[in-house]
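So the chains spell out like this:
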Amino acid sequence: MTNLNKYAGAYTLDQILIADKIDISLLVKEFNIFTSIMDTTMVVRIIIADSRNFLTDFKMQGGDDIKVQVSFSGGERNIYKLKLAKIRDISTLDTTRTYVLECISPFAFDSQYKRIQKNYSGIVSDIAFKIWEEYGGGEPYGIFHGADNVQSVNIPLWTPLKTMEWLAKRAKYADAGTRFRFYQDSGGKYNFVPMELFNTLHGKKPPYEYTYLGDVSRTTMGGGNELPNTKKDMFNVIQMYHADNMDITNAMRQGVLGGTNYNIDVTNKQMKMVQYNYFEEDEKKYLNSKKYYDAGDYLPGRVRFNVDMTSPDNALLDKSLIKQTQYIPHAGMLTLVVNGNASLDLGDIIKLKVPKVGPGVSDQEDDVYSGKYMVMGKRDKFDAERMVSSIDVVKDGLK
């Protein structure tokens, strides 16, 4: 693919290797990288236009090693080491066969057949890192943040992937009273971290600031038929899509506004009631200064019963898990299409400027849609011309 390093979203596809020996870069029409804080592994889809009978002659199989190397302007380079999970969407044309190579990380692939049956004791994050060292296969990792609780757990023949995801739900972050997430970011690194930590890491000033000026075509962005090539183009929003907002019915149903848990310890014959009230939370801990919902009488909200026959510290239904649902969007979710930025990743905080609509007010910012957002999901699309990213961002309050 053409080197377009002077343009916003430009990249160079250095190579895509199959089995560490065959470069199929010339067959690639497009590839996409899908990542989300809600998912434990990335998915990479490589679209192939094959006029050389490569699929037939090479005889690719599930589990084959695939290496993707991409370079960006400024010298940044991403290398993804993957496993072929399946070949899909095969179509035969007159002179070409097209198909999609769907790839996942080696850790996710190995988790389909590896099992853990062992007892662990200690700080939950230490247990998670010990398992990662044993089963992670040497894959890169980003943040393994320390948890604040000690537990004894028995893993009953679960896969390493399921075990890590389960441990994240048990790990507590005392500073915000929430749980952890285990996910792979768009750089290919695995993370074991509470989402609220990113508020602290990025401080008061978000590292990226985007501006929405209405749906912008390539022609208007670049002037004529050229691609965009300025710093301003990099941080203009090409398109913006709105998700459902202010879904108070769903918020009440899932216990986001209020919830009451009855944790029943059968062994010690005890019952502990845990309540959560969104309106009692300190607004200073939020990205933005005001909450989405006005105070109301929404308690007891969702009522749940948790019967624990082994330990009173069952992690599935406590207050910290309810609080974490604040980052599962019920209000303020947008999908932004922007020129590709290799440095922008899951968990990053961005500032978005959206003008008001209507005559005479377009120079003013919209109080609902402007503000700070967290990146929850990302799709990086690499085609023959440039990299474009679709990012799912969530706002936890009004401006």
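Residues numbered from 1 in each chain as written. Predicted model: local features only at pLDDT ≥ 70, side-chain atom pairs only at ≥ 80, totals over all residues. Heavy atoms only, no water.

Q: Would you mind showing me how to read the pattern of salt bridges here?
A: Think of it this way: side chains of opposite charge can pair up when their charged atoms draw near. Applying the stated criterion across every chain yields a total of 9 salt bridges. R77 is the salt-bridge partner of D14, the closest N and O atoms lying 3.9 Å from each other. Of this pair, D14 sits in strand β1 (residues 11–18) while R77 sits in strand β6 (residues 77–92), placing them 63 residues apart in sequence. The closest approach of N and O atoms between R88 and E102, which form a salt bridge, is 2.8 Å. Taken together, the positions of R88 in strand β6 and E102 in strand β7 (residues 97–104) put the pair 14 residues apart, joining distant regions of the chain. In this structure E102 comes out as buried when scored by relative accessible area, which is 11%. (Salt bridge = Lys/Arg side-chain N within 4 Å of Asp/Glu carboxyl O. Helix = DSSP H or I, 4+ residues; strand = E, 2+ residues; numbered from the N terminus. Buried < 20%, exposed > 50% of the residue type's maximum accessible area, 1.4 Å probe, protein only.)

Q: How should I be thinking about the packing of aromatic side chains in this particular structure?
A: Within a pair of aromatic rings, the relevant descriptors are the distance that separates the centres and the angle that separates the planes. This model, assessed by the stated rule, comprises 21 aromatic pairs. Aromatic side chains W132 and F144 sit 6.0 Å apart centroid to centroid with 40° between the ring planes, which places their arrangement in the tilted category. Note that W132 is positioned in helix α3 (residues 124–135) and F144 in strand β9 (residues 141–144), a separation of 12 residues in sequence. Assigned by exposure class, W132 and F144 land together as buried. Measuring from ring centre to ring centre gives 5.1 Å for W158 and W166, while their planes differ by 75°; the resulting arrangement is edge-to-face. Grouped by ring-pair contacts, the aromatic residues F107, F129, W132, Y141, F144, F180, F182, Y190 and F192 constitute a single cluster. (Phe/Tyr/Trp six-rings, centres within 6.5 Å; stacked < 30°, edge-to-face > 60°.)

Q: Sorry if this is basic, but what is going on with the confidence of the model for the protein chain here?
A: Low-confidence regions, as indicated by low pLDDT, have predicted coordinates that should not be scrutinised in detail. Looking at the protein chain as a whole, the pLDDT averages 83, with 86% of positions reaching at least 70. Predicted confidence in the protein chain is weakest over helix α6 (residues 218–222), with a mean pLDDT of 44, and strongest over helix α2 (residues 106–110), with 96. This model gives residues 1–5 a pLDDT under 50, and the stretch forms 19 contacts once residues within four places in sequence are excluded. Note that residues 217–225 has pLDDT below 50 and, in this model, 16 contacts with residues that lie over four places away or in other chains. (pLDDT = per-residue confidence, 0-100. Contact = heavy atoms within 4.5 Å.)

Q: Even after reading the chapter, I still don't get the nonpolar core, so can you show me in this structure?
A: If you look at soluble globular proteins, the nonpolar side chains tend to sit buried side by side. Among the nonpolar cores identified, the biggest contains 57 residues, and M164, L167, F182, F192, L336, I350 and L352 are the most heavily contacted of them. Per-element accounting of this core gives the leading share, 6 residues, to α3. In this view, L352 contacts Y210, V237, M240, L334, L336, Y369, S370, G371 and Y373; residues no more than four positions away in its chain are not counted. (Core = buried A, V, L, I, M, F, W, Y, C linked by side-chain atoms within 4.5 Å.)

Q: Is there a simple way to explain helix α4 (residues 160–170) in this structure?
A: Structural remark: α-helix, 3.6 residues per turn; residues separated by three or four positions point the same way. The buried count for α4 comes to 8 of 11 residues, which makes it a mostly enclosed element. Those residues of α4 that sit buried are P160, L161, T163, M164, W166, L167, A168 and R170.

Q: I would appreciate a short explanation of the environment of Y373 in the present structure.
A: Examined against the element boundaries, Y373 turns out to sit in strand β22 (residues 371–382). Residue classification places Y373 among the buried positions, given a relative accessible area of 0%. Along the primary structure Y373 and G332 are separated by 41 residues, whereas in three dimensions their C-alpha atoms are 8.6 Å apart. Within the structure, Y373 has its side chain in polar contact with the backbone oxygen of Y369 (distance 2.7 Å). (Polar contact = N/O pair within 3.5 Å; in protein donor to acceptor, adjacent residues only side chain to side chain.)

Q: Help me out: how do you make sense of the sheet that holds β9 in this one?
A: Read across the open sheet, the 3 strands follow the order β9-β14-β13; overall the sheet is mixed. On the outer flanks of this sheet lie β9 and β13 (181–184), each paired with one strand and no other. When strand polarity is set aside, the average angle formed by the axes of neighbouring strands in this sheet is 10°. Contacts from α3 reach β9, β13 and β14 (190–193) within the one sheet, and its direction differs from that of β9 by about 160°. Sitting on the sheet, α4 is in contact with β9, β13 and β14, with an inclination near 135° to β13. (Pairing = 2+ DSSP bridges. Axes fitted to C-alpha atoms, helices over the stretch in contact; angles between N-to-C directions.)

Q: Honestly, the packing of α3 against α4 in this entry has me stumped. Any pointers?
A: The axes of two packed helices give the description: the angle between them and the distance between them. Where α3 contacts α4, the axes come no closer than 9 Å and their chain directions differ by 165°. By the criterion of interaxial angle, the relationship of α3 to α4 is roughly antiparallel. Between α3 and α4 lies a crossing of left-handed hand. On the side of α3, the interface is formed by V124, I127, A128, I131, W132 and Y135, while α4 contributes P160, T163, M164, L167 and R170. Among the residues forming the contact of α3 with α4, the class breakdown is 9 nonpolar, 1 polar and 1 charged. (Parallel < 35°, antiparallel > 145°, perpendicular 65-115°, else oblique. Left-handed = near helix turned anticlockwise from the far one by under 90°. Nonpolar A, V, L, I, M, F, W, Y, C, P; charged D, E, K, R; others polar.)

Q: Just checking my understanding: could you explain the side chain of T159 for this structure?
A: Inspection of the secondary structure assignment puts T159 in the loop between β10 (150–158) and α4. Each residue touching T159, except ones within four places of it in the same chain, is listed here: S111, K114 and R115.

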